[in-house]
Amino acid sequence: MGKYRTPLRYPGGKQRLTPFIEEILASNKITNGNYVEPFAGGAGVAIQLLLSGKVDLIHLNDSDYRIYAFWYSILNKAEEFCHLIRTASLTIDEWRKQRDIVKKCDRRKLLSLGFSVFYLNRCNRSGILSGGVIGGNDQKGNYKMDARFSRNDLIRRIEAIALVRDKVSLTQFDAEYYIRHYVAALPKNTLVYLDPPYYEKGSKLYHNFYGKTDHARLAQVIQSSLKHKWILSYDCVPEVLGFYQKRRHFFYGLQYNASSVYKGREVFILGDSVKLPSESSLDHVNKGIQAYTRKSLTSRA
Ligand SMILES: C[S@@+](CC[C@H](N)C(=O)[O-])C[C@H]1O[C@@H](n2cnc3c(N)ncnc32)[C@H](O)[C@@H]1O
């Protein structure tokens, strides 16, 4: 199962929602279809769907050049990338070097940048690129910087993705542009899952974050321009519920480890043309996610 997982750790990573998304694909009869993430990040759901054959093509987009560099490198230079993993030295000196490469963000050196992003993602607390190293600079913590750097497992994950690279389309657009110009051209047999930066804590977690007016504008673009079936997840705040007040929604809980602050309620919002799975098929999904208001899963909120 490990090889079906994304190699990136992501604060708020949505991999555990995969069974729910699979049910959405089935109830909307999207078979051999396209699956799109305009805010891909670690793309945990997309990778699992593709590797388990639930969709034919995945479209990953993230405006953060560093995230793009990572995906570009494993899709196009997997062999070199895996060699870098095999030979990486896991010391604080090396960590500082990798941190400098990420800071400089030299766009001409995609492989080096992509690898440094991966290195920090695996060695930093909660995978946050601007965060501290696991175990601290003196490496005296219970867990050391290699705690999440199991080379063989990570190499297997990357090799599995590289094998299906022809089925992955990677871009680095702003999501609004992407929705208007890229997604619009995709066939009907497509599901779009949007997972924008959190409304409240996004600026601490991600490099490219949204301000309040950005969230409002995005809501406009999604609801007016996105003609495909779409679903959207957010942290549960009144402003977000306000932006999407005419859409169906339900609340759920995921346990994150970025900090206890992020434990708690999130909201799923659904485009009008999305058919929800039956209650019974959602039962097993609830093991992975906790739906707080089961009733609103099937009725318009
Ligand atoms: C909540 S994370 C996505 C996490 C992802 N669903 C996962 O499971 O790993 C949001 C992502 O959106 C990206 N992002 C922020 N602003 C963006 C924008 N304007 N357009 C596209 N991507 C953006 C961030 O770089 C970040 O990777």
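Definitions and cut-offs
- Residues numbered from 1 in each chain as written.
- Predicted model: local features only at pLDDT ≥ 70, side-chain atom pairs only at ≥ 80, totals over all residues.
- Heavy atoms only, no water.
- Core = buried A, V, L, I, M, F, W, Y, C linked by side-chain atoms within 4.5 Å.
- Buried < 20%, exposed > 50% of the residue type's maximum accessible area, 1.4 Å probe, protein only.
- Domains from an automatic or database assignment.
- Contact = heavy atoms within 4.5 Å.
- Axes fitted to C-alpha atoms, helices over the stretch in contact; angles between N-to-C directions.
- Helix = DSSP H or I, 4+ residues; strand = E, 2+ residues; numbered from the N terminus.
- Parallel < 35°, antiparallel > 145°, perpendicular 65-115°, else oblique.
- Left-handed = near helix turned anticlockwise from the far one by under 90°.
- Salt bridge = Lys/Arg side-chain N within 4 Å of Asp/Glu carboxyl O.
- Polar contact = N/O pair within 3.5 Å; in protein donor to acceptor, adjacent residues only side chain to side chain.
- Nonpolar A, V, L, I, M, F, W, Y, C, P; charged D, E, K, R; others polar.
- Phe/Tyr/Trp six-rings, centres within 6.5 Å; stacked < 30°, edge-to-face > 60°.
- Right-handed = clockwise from strand over helix to strand, strands pointing away.
- Pairing = 2+ DSSP bridges.
- pLDDT = per-residue confidence, 0-100.

### Considering the nonpolar core
Next up, step 1: Core analysis: the largest hydrophobic core is formed by 64 residues, its most contacted members being Ile 21, Tyr 35, Ile 58, Trp 71, Phe 118, Tyr 119 and Phe 268.
Next up, step 2: Each of two domains, domain 1 (2-63 + 175-295) and domain 2 (73-161), supplies a minimum of three residues to this core.
Next up, step 3: When near neighbours in sequence (up to four residues on either side) are disregarded, Ile 58 contacts Tyr 35, Ala 46, Ile 47, Leu 50, Lys 167, Val 168 and Ser 169.

### Some words on the packing of helix α1 (residues 18-27) against helix α2 (residues 44-51)
Next up, step 1: Between α1 and α2, the shortest axis-to-axis distance is 10 Å and the interhelical angle comes to 60°. Taken together, α1 and α2 sit at an angle that is classed as oblique. As α1 packs across α2, the resulting crossing turns out to be right-handed. Along its contact with α1, which presents Thr 18, Ile 21, Glu 22 and Leu 25, the element α2 presents Val 45, Gln 48 and Leu 49.

### Considerations on the pattern of salt bridges
Next up, step 1: Counting across every chain of the model gives 9 salt bridges.
Next up, step 2: Here Lys 14 makes a salt bridge to Glu 266, at a shortest N to O gap of 4.0 Å. One end of the pair, Lys 14, is in the segment before α1; the other, Glu 266, is in strand β7 (residues 264-270), with 252 residues separating them in the sequence. Assigned by exposure class, Lys 14 and Glu 266 land together as buried.
Next up, step 3: A salt bridge links Asp 64 to Arg 66, with the shortest nitrogen-to-oxygen separation between them at 3.1 Å. Arg 66 shares its class with Asp 64; the two are buried.

### Examining the side chain of Ser 73
Next up, step 1: Among the structural elements, Ser 73 can be located in helix α3 (residues 65-76).
Next up, step 2: Within the local environment of Ser 73, its side chain forms a polar contact with the backbone oxygen of Ala 69, the two atoms lying 2.7 Å apart.
Next up, step 3: Discounting residues that sit within four places of it in the chain, Ser 73 has contacts with Ala 78, Phe 81, Leu 110, Leu 111 and Gly 114.

### A closer look at the packing of helix α4 (residues 78-87) against helix α7 (residues 151-163)
Next up, step 1: Where α4 contacts α7, the axes come no closer than 10 Å and their chain directions differ by 175°. Comparing their axes, α7 and α4 come out roughly antiparallel. Contact residues: α4 offers Ala 78, Phe 81, Cys 82, Ile 85, Arg 86 and Thr 87, while α7 offers Arg 151, Ile 155, Ile 158, Glu 159 and Ala 162.
Next up, step 2: Classifying every residue of the contact of α4 with α7 gives 7 nonpolar, 1 polar and 3 charged.

### Regarding the packing of aromatic side chains
Next up, step 1: Under the defined criterion, the tally for this structure stands at 22 aromatic pairs.
Next up, step 2: Considering the side-chain rings of Phe 115 and Tyr 119, the 6.2 Å spacing of their centres and the 55° angle between planes classify their relative orientation as tilted. Within this pair, Phe 115 and its partner Tyr 119 are both found in helix α6 (residues 110-123), separated by 4 residues, close to a single helical turn. Neither residue differs from the other here; Phe 115 and Tyr 119 are each classed as buried.

### Examining the pairing of strand β2 (residues 57-61)
Next up, step 1: In terms of burial, β2 is a largely internal element, 4 of the 5 residues being buried.
Next up, step 2: Once the chain exits strand β1 (residues 34-37) it traverses α2 before rejoining the sheet at β2, and the crossover so formed is right-handed.
Next up, step 3: The pairing of β2 with strand β3 (residues 168-171) spans 4 bridges and is classified as parallel. When the bridges of β3 are listed, Ile 58 appears paired with Val 168.

### Describing the confidence of the model for the chain
Next up, step 1: Counting all residues, the mean pLDDT for the chain is 88, and 85% of those residues have values of 70 or more.
Next up, step 2: A low-confidence stretch, residues 292-301 (pLDDT under 50), is modelled with 25 contacts involving residues beyond four sequence positions or located in other chains.

### A closer look at the environment of Lys 97
Next up, step 1: When you line up the elements, Lys 97 lands in helix α5 (residues 92-104).
Next up, step 2: For Lys 97, a relative accessible area of 51% gives the class exposed.
Next up, step 3: The spacing of Lys 97 and Ser 116 is 19 residues in sequence and 8.6 Å in space, taken between C-alpha atoms.

### Details of the pairing of β1
Next up, step 1: Alternating positions in β1 separate into two faces, Asn 34 and Val 36 on one and Tyr 35 and Glu 37 on the other, with burial throughout.
Next up, step 2: Bridging between β1 and β2 involves 4 bridges; their strand directions are parallel. Across the sheet, residue Glu 37 finds its bridge partner in β2, namely Leu 60.
Next up, step 3: Two elements, β1 and strand β4 (residues 190-194), share 3 bridges in a ladder whose sense is parallel. Within the sheet, the bridge partner assigned to Asn 34 lies in β4 and is Thr 190.

### Some thoughts on the side chain of Arg 247
Next up, step 1: Mapped onto the fold, Arg 247 is located in the loop between α11 (238-243) and β6 (248-254).
Next up, step 2: Arg 247 gets classed as buried once you look at its relative accessible area, which sits at 14%.
Next up, step 3: At 3.0 Å, the side chain of Arg 247 forms a polar contact with the side chain of Asp 272.

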